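Structure assessment
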Number of protein chains: 2
Amino acid sequence: MESRCENCIIRQFNSLRAMSKEELKKVSDSKTTKTVKKGEPLFEEGDKLNGVYCVRNGVSKLSKLSANGKDQIVKLATKGEVLGQRSVISQESTNLSAIAVDDMEVCFIPKESINNTLQKNPNFTLEVLRHMAHDLKEADDVIVNISQKTVKQRMAEAFLYLKNNFGEDEDGFLSLTLSREDISNVVGTATESAIRIISEFKKKGLIHTSGKKIGIKDERKLLEMVEGF
Amino acid sequence: MESRCENCIIRQFNSLRAMSKEELKKVSDSKTTKTVKKGEPLFEEGDKLNGVYCVRNGVSKLSKLSANGKDQIVKLATKGEVLGQRSVISQESTNLSAIAVDDMEVCFIPKESINNTLQKNPNFTLEVLRHMAHDLKEADDVIVNISQKTVKQRMAEAFLYLKNNFGEDEDGFLSLTLSREDISNVVGTATESAIRIISEFKKKGLIHTSGKKIGIKDERKLLEMVEGF
DNA sequence: ACAATTTACTGATAATTATCATATTTTAAA
DNA sequence: TTTAAAATATGATAATTATCAGTAAATTGT
């Protein structure tokens, strides 16, 4: 496993690619590598972050606790994504928790390295800005989806999203296996409702399951459902 | 009315304050001032923007059309806010429409001025980044609110939001008067449902109305409702 | 000032979604 | 391996919210 940022392929997927060689060296010297086990937090809502986390492996859910005690998952972050940027940039405590959905391997980069580069390298700043602009656009889409689509449509969308972003295994199941509760927290519905819809989709031949694993059977019909047919 | 950016107070509220004198002069020379009448669009979903709009006066709703034909209002932008930034930065067409809720006065700043400064002035880029980080955080809050709160709670929240962000007039009505439909599009519900809840709040003495104007009567109870009591 | 149009409102009802209760299966721990 | 705990599943029911139909009020243009 390569341990120098200069040679890390992961970098190509995030804003760190806009750093200069020297900047990367500094980052690499200051970074630490951590493993986080499934279910453990990288950080929690309200924490003040002393740096960002670059995901090398595994998946993390970014979620926010609501007043009624339910979590809402706002994003699923995987290989190449940088977590905690927003908090470091705005120098506020995070509004989200990051919890490992898989076993993860992450690099922790102290905020000093980031802030330094932000102030000196406009290319890097611009790259971060582009990423954040993209995230914001996605967030707008999520808002519209949640408020204008039915739970059934959002469930269908969630499965397609999981397929497109995390792929399938050899047996045709979604590579990322979420608990029913996590699924309901992505979709923004009660766990029982999510389970019920999974059963319904199964009966209709849209998906198949095996334990908690879910596979997509009829992508077209799922897509039609999202579109509202 | 001052027409040079260098002397414009509005600037203090947005990222333009991080521009240098020379940069501001260039912006000022290239900008054009427009008035937009109530109901008219600044730009529409899918447009490619050739610049950003700095709001001098009035309020604009930023909304996105959903598949079922309803608009979702994602943000209400007022004096000092810069619209279209995201689109210009990511060089994509906008995902949102901006429509005047009031008569507006805006300055249009061609994207060249912005892009130039973004590449040369890290302070400016960082400032824009901070703003975007803030917007993203707010978007997360909206997501959690919509998915975890009831329509009634979101209505209560919307009224408090309008009071806190746009204030009240001499008679105790919210300064920003939205149509019932716009309110429902902010909250993410059917117009009839919004109207029904307004009637209910009125009966309970939480608000009072006069025509389409709405005033807050019992802020505390509204707050309690938002919190879930 | 008046007709035309849009917006606001109300009731009845249907559809969607959440909640509670409980059974079953799976997973983890002793 | 057995037991306990957690996750999944399903039914019954209640609560919430949307939709449709229709009336009243307000706004706009002439």
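Residues numbered from 1 in each chain as written. Chains lettered and ligands numbered in written order. Predicted model: local features only at pLDDT ≥ 70, side-chain atom pairs only at ≥ 80, totals over all residues. Heavy atoms only, no water.

**Some words on helix 3 (residues 111-120) of chain A**
Along helix 3 of chain A, the positions that sit buried rather than exposed are S113, I114, T117 and L118 of chain A. Buried residues of helix 3 of chain A, seen end-on, are gathered within an arc of 130 degrees and therefore sit on one face of the element. Considering only its buried residues, helix 3 of chain A is in contact with helix 1 (21-30), strand 3 (51-57), helix 2 (85-90), strand 8 (104-110) and helix 4 (122-148) of chain A together with helix 4 (122-148) of chain B. (Buried < 20%, exposed > 50% of the residue type's maximum accessible area, 1.4 Å probe, protein only. Helix = DSSP H or I, 4+ residues; strand = E, 2+ residues; numbered from the N terminus. Arc of directions from axis to C-beta. Contact = heavy atoms within 4.5 Å.)

**Here we look at the relation of the copies chain A and chain B**
For these two chains of identical sequence, chain A goes onto chain B by a turn of 180 degrees and a shift of 0.0 Å along the axis, with RMSD 0.1 Å. Interpreted geometrically, this transformation is the action of a two-fold axis. Of the interface residues in chain A, 100% have counterparts in chain B that sit at the interface too, so the contact is made through matching surfaces. (Least-squares fit on C-alpha atoms with pLDDT ≥ 70 in both.)

**Digging into the interface of chain A and chain B**
On the chain B side, the residues contacting the 40 residues of chain A number 40 residues. Across the chain A to chain B interface the summed buried area is about 4,000 Å²; carbon plus sulfur atoms make up 68%. Salt-bridge contacts for D141 of chain B lead to K64 of chain A; the nearest nitrogen and oxygen are separated by 3.4 Å. In this structure, the connection of chain A to chain B is made through 18 residue pairs in polar contact (both at pLDDT 80 or more). A per-element tally of the side of chain A that touches chain B places helix 4 of chain A first, with 20 residues. (Buried area = accessible area lost by both parts, 1.4 Å probe. Salt bridge = Lys/Arg side-chain N within 4 Å of Asp/Glu carboxyl O. Polar contact = N/O pair within 3.5 Å; in protein donor to acceptor, adjacent residues only side chain to side chain.)

**Description of the environment of H208 of chain B**
Residues and elements named next belong to chain B. The topology assignment puts H208 in strand 9 (residues 207-210). Considered as a pair, H208 and D218 are 10 residues apart in the sequence and their alpha carbons are 9.6 Å apart. In this structure H208 touches D171, G172, F173, K202, K213, I214, G215, I216 and K217, once residues within four positions along its chain are discounted.

**Examining the protein's contact with DNA strand D**
Neighbouring DNA strand D are 15 residues; R180 and S199 of chain A together with T189, S193 and R196 of chain B lie closest to it. Considering DNA strand D, the proportion of its atoms within 4 Å of the protein that are sugar or phosphate atoms stands at 56%. One of the side-chain nitrogen or oxygen atoms of R180 of chain A is found 2.7 Å away from a phosphate oxygen of DNA strand D. Take R196 of chain B: an N or O atom from its side chain is 2.9 Å from a base oxygen of DNA strand D. Put simply, the parts of the chain that give the surface near DNA strand D at least two residues each are helix 6 (180-187) and helix 7 (191-203) of chain A together with helix 7 (191-203) of chain B. For the surface near DNA strand D, the element with the most residues is helix 7 of chain A, which contributes four residues. Taken together, the residues that form the surface near DNA strand D break down as three nonpolar, five polar and seven charged. (Near = heavy atom within 4 Å. Nonpolar A, V, L, I, M, F, W, Y, C, P; charged D, E, K, R; others polar.)

**So, the protein's contact with DNA strand C**
Contacts to DNA strand C come from 15 residues, most closely from T189, S193 and R196 of chain A together with R180 and S199 of chain B. Within 4 Å of the protein, the atoms of DNA strand C are drawn from sugar and phosphate moieties in a proportion of 58%. Contact distances for DNA strand C include 2.9 Å between a base oxygen and a side-chain N or O atom of R196 of chain A. Contact distances for DNA strand C include 3.0 Å between a base nitrogen and a side-chain N or O atom of R196 of chain B. When residues of the surface near DNA strand C are traced back to their parent elements, those giving at least two are helix 7 of chain A together with helix 6 (180-187) and helix 7 of chain B. A per-element tally of the surface near DNA strand C places helix 7 of chain B first, with four residues. Counted by class, the surface near DNA strand C contains three nonpolar, five polar and seven charged residues.

**Notes on the confidence of the model for chain A**
Mean pLDDT over chain A works out to 94, with 99% of the residues at or above the 70 mark. In the predicted complex, the global pTM is 0.92; the interface-specific ipTM is 0.89. (pLDDT = per-residue confidence, 0-100.)

**Some words on the pattern of salt bridges**
Here the structure, examined in full by the defined rule, presents 35 salt bridges over all chains. Where E81 of chain A meets K75 of chain A, a salt bridge forms, and the shortest distance between an N and an O atom there is 3.2 Å. A salt bridge links E157 of chain B to K149 of chain B, with the nearest nitrogen and oxygen atoms 3.3 Å apart. Residue E157 of chain B is classed as partly exposed on the basis of its relative accessible area, which comes to 24%. Residue class for K149 of chain B comes out buried when judged on its relative accessible area of 17%. If you follow the salt bridges from partner to partner, you end up with R4, E6 and D29 of chain A in one network.

**Re the sheet that holds strand 1 (residues 32-36) of chain A**
Residues and elements named next belong to chain A. One open sheet holds the four strands; their spatial order is 1-8-3-6, and the pairing between them is antiparallel. Single-partner strands in this sheet number two, and they are strand 1 and strand 6 (82-83). Where strand 3 lies against strand 6, two bridges are found, and the strand directions are antiparallel. Bridge pairing in strand 6 places C54 opposite V82. Packing of helix 3 onto the sheet brings it into contact with strand 3 and strand 8, and relative to strand 8 it is tilted by some 60 degrees. (Pairing = 2+ DSSP bridges. Axes fitted to C-alpha atoms, helices over the stretch in contact; angles between N-to-C directions.)

**Some thoughts on the UniProt feature "domain: Cyclic nucleotide-binding" (unreviewed entry) in chain A**
Listed under "domain: Cyclic nucleotide-binding" (unreviewed entry) in the UniProt record, and renumbered for this structure, are residues 15-135 of chain A. Helix makes up 33% of residues 15-135 of chain A and strand 34%. Its end C-alpha atoms lie 13 Å apart. (UniProt positions renumbered as here; feature names shortened; annotations may be inferred.)

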